[in-house]
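Okay, here's what each chain looks like letter by letter:
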Amino acid sequence: MLDLKFSSSGREDVDVRCLGVGRPFVIEFINPRHTLLTQTQVAVLQSAVNESTHLVKLRHLQIVDKKDVKYLKEGEEEKTKTYCALCLSTQGYNTAALDKLNELSEVSVEQKTPLRVLHRRPLATRTRIVHTITAVPIDLHYFKLYLTTQAGTYIKEFKHGDLGRTNPNLRQVIGVDLDIVALDVENVALDWPPKCSE
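Residues numbered from 1 in each chain as written. Predicted model: local features only at pLDDT ≥ 70, side-chain atom pairs only at ≥ 80, totals over all residues. Heavy atoms only, no water.

An unreviewed UniProt entry lists the protein chain under the name tRNA pseudouridine(55) synthase, with Petrolisthes cinctipes given as the organism.

Right, dumping it as structure tokens:
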């Protein structure tokens, strides 16, 4: 019987879209019946997956050596990720507060394991870097927030503070309660796997 092991470069909540060029991943086949595939056969498999659904698309599907998987694991800590968040303040916000956000860069954030994942992760405090923040007003209640962060930064908790478990946080800087209506990963900065002809 064929068994699979799936590993991806990080993960997102189910309600977060991963846009841009996507997220690198590896599928390891345990006890496969066929051990040698040509790149043409792999390309046919990629096309079959891409034609079967509009929800996901594969790019650069290829056979990699087990030793190359280290790039995927190393990238989990070293890569950066770019997000776009549609934010809502029901009470409204002051545009000067957004100007404060736009002045921030290389912000060191202390994050305790969020309450929402504490049941599956050990309690720890991690320092993460928010490299860039750009806030763009839409109207008196909505604005877009563009963030580039160190991998492993909990974006939702950076927004609301997670009951004081994430410091600093956007709620502290802006001075109003915020909700994230939509969150997209726009880029995962990990140059792996190598590009192959489509």
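(A) Layout of the sheet that holds strand β9 (residues 179–188). Reading across the sheet, the seven strands line up as β2-β9-β4-β7-β6-β5-β8 and stay open at both edges, with mixed pairing between neighbours. For this open sheet the edge positions go to β2 (16–18) and β8 (166–167), each flanked by a neighbour on one side alone. (Pairing = 2+ DSSP bridges. Helix = DSSP H or I, 4+ residues; strand = E, 2+ residues; numbered from the N terminus.)

(B) Up close: the state of the cysteines. Summed over all chains, the structure comprises zero disulfides. The closest cysteine sulfur to the non-disulfide-bonded C18 is located on C84, 13 Å from its own sulfur. We note that C84 lacks a disulfide partner, and the nearest cysteine sulfur, in C87, lies 8.5 Å from it. Take C84: its relative accessible area is 7%, and that puts it in the buried class. (Disulfide = S-S within 2.5 Å. Buried < 20%, exposed > 50% of the residue type's maximum accessible area, 1.4 Å probe, protein only.)

(C) Broad picture of the pattern of salt bridges. For the coordinates displayed, the defined rule picks out eight salt bridges. The shortest N-O distance in the salt bridge between R17 and D184 comes to 2.7 Å. One end of the pair, R17, is in strand β2; the other, D184, is in strand β9, with 167 residues separating them in the sequence. With a relative accessible area of 11%, D184 lands in the buried category. When the shortest N-O distance is used, the salt bridge between R171 and D177 registers 2.6 Å. Members of the salt-bridge network, linked through shared partners, are K5, E28 and K66. (Salt bridge = Lys/Arg side-chain N within 4 Å of Asp/Glu carboxyl O.)

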